[in-house]
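# Fold and contact review
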Amino acid sequence: MNSFESEPFILSENIVQTKVDQHFATYHRLLGGLFFLDEAGQELLNTYRKPRNVPASLLSGEASTRADELTQQLIARHILVPARGQQLPAGPSVVEKKINIIQLILANACNFGCTYCFEGVQGKEMSAEDEYNKVDTSRLIAREGIKVNIEDSIYASKERFDHQYDPKNRSMKPADGIAYVESALAVARSEGVVEVMLQFFGGEPLLNWRTIQAVLERFGNGEREGIKIHYSTVTNGSLITEEVARTFAQYQVAVCVSFDSPTSPSRPLKNGDDSTPVVMQGLRTLQRYNNRVAINAALTSSTWSDFDNSIVDLAVDVGAREIGVVVDFDPTFYSDFGARNIVERLWNVVEYGRSRGVVLTGYWHQIFQVMLGFDSVTFRGFKNCSAKGAQFSIEPNGSVFACKAGSTLLGDIRDGTEILNSEPYLQHARLRRDNPDFCRGCEIEGFCGGLCLGPLEKKFASVDSVEPSACDFYRGITQKHIESLKPYEVATFDLQPA
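Structural notes, computed from the coordinates. Since this is a predicted model, take the numbers as computed values, not measurements.

Quick look at the overall build of the protein now. Scanning the protein from N- to C-terminus turns up 17 helices and 17 strands. Summed over all atoms, the accessible surface of the protein reaches about 21,400 Å², with 50% contributed by carbon and sulfur.

Structure, rendered in structure tokens:
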């Protein structure tokens, strides 16, 4: 095509729009790039509902008018596409084998008896291995009434729990933790990854403080490994000491403390006592050392009546500016309470949080976050679920799963890059971009990975599955985020004079 020719463009069939006051929130349902158009911009967009020629000079040169500039933006965001290629069938995406998150399961034990815990971890007597690793099991003896019935778990299969409770898989030795991270970083580097998140997880990870210390001291920010390392941990907050808080601050470990509500009875200690006083002490200690702290709350059938604005007030009190809300992964939650009711209950707290400078996040919020960027999955590595090919969850014995709730064994971390070529891993990685057929045409297909992997795998014996009962909730809460946007909070294209 020479400089005097033009090419016909047409409105993409993947465009999604919502009227927000006087603007039109617009994005590509697979690539995102959410932006606002005013009425004049919408009129220009509508002229492309049938093929319309765009001069070659506009495709390759600078725009001379605001309308031309908007046309270039619409083409760059794939809102306008070449008319001759609009109907070409899209094949499956190329499978990317990139590990962006390394999750270390430090201990398959916990000193809490949360009524909804996906781990199902229960109190046990100290094993020889626990003694060797100085694992704090002083509060791991559970009362009969508080034990979690793992046989009724909606998450991992019985085979996974058998693996989890293997006496040789109780806690991760410091030397093993270092070796596992070395191997995982080598796998990440092999596919060109230059930045990873290393998560300390459990059970309760702080029961195995020695291994956390060893890993932080060995790898630091990753400079010696040629890869940038960020750190985070999810903890119940009861074992935060001055040493822990000081060390986390030194290595910039983001600390997510689970705390549902100041009034919730769903997170007792294993001995039956109220966990609130000891958790508040831990939060205060983290606050003294200026740690980056987020609160991790759950909105479930167990916490429904206690999930309210009080969690926001608590976050403000302890200096946390973010609350991660885990919305129940049990499919029956959505049918029992109704997607609309769940959306409204959550959104009321979201709005209150905004009024107090606290952001509520979670898997449900990440859908919106990914949508804001253009083709964010390419850079981020996953949609809202890192278990879809982007994460290694490494057990104390070296076994690798996609996540703590998943049932499929991917391999052993000592297998190195061989794991990336295993069929179990590839089954997960194929879902990095391509959702199951059920999702085709959904307005959030490009950003939503669906319900938690664990319940899906447990219920359907497959990761390539969908739980429809959760779909209305994910779409509904995403729509709330879009409708709450104001002009210029995202890219805004106004053609008509102010």
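This brings us to the environment of Phe307. Tracing the backbone through its elements, the reader meets Phe307 in the loop between strand E11 (293-299) and helix H10 (310-317). Spatially, the C-alpha atom of Phe307 lies 8.4 Å from that of Leu346, the residues being 39 residues apart in sequence. Phe307 has contacts with Ala297, Ala298, Leu299, Val325, Arg345, Leu346 and Val349, leaving out every residue within four places of it along the chain.

All right, on to helix H1 (residues 39-46) then. Within H1, burial applies to Gly41, Gln42, Leu44 and Leu45. Across the axial projection of H1, the buried residues extend over an arc of 160°, all falling on one side. Buried residues along H1 sit in contact with strand E1 (6-11), strand E2 (15-20), strand E3 (23-28), strand E4 (32-37), strand E5 (52-55) and helix H3 (66-76).

Pairing is mixed in the open sheet, where 10 strands are placed in the order E13-E12-E11-E10-E9-E8-E7-E14-E15-E16. The open sheet terminates on both sides in strands that have one partner only, identified here as strand E13 (359-361) and strand E16 (409-412). The mean inter-strand angle of the sheet, taken between neighbouring strand axes irrespective of direction, is 25°. Pairing of strand E15 (residues 399-401) with E16, which is carried by three bridges, proceeds in the antiparallel orientation. Bridging across to E16, Phe401 finds its partner in Leu409.

The rules behind each value
- Residues numbered from 1 in each chain as written.
- Predicted model: local features only at pLDDT ≥ 70, side-chain atom pairs only at ≥ 80, totals over all residues.
- Heavy atoms only, no water.
- Helix = DSSP H or I, 4+ residues; strand = E, 2+ residues; numbered from the N terminus.
- Areas by Shrake-Rupley, 256 points an atom, 1.4 Å probe, with all protein chains shown as cover.
- Contact = heavy atoms within 4.5 Å.
- Buried < 20%, exposed > 50% of the residue type's maximum accessible area, 1.4 Å probe, protein only.
- Arc of directions from axis to C-beta.
- Pairing = 2+ DSSP bridges.
- Axes fitted to C-alpha atoms, helices over the stretch in contact; angles between N-to-C directions.

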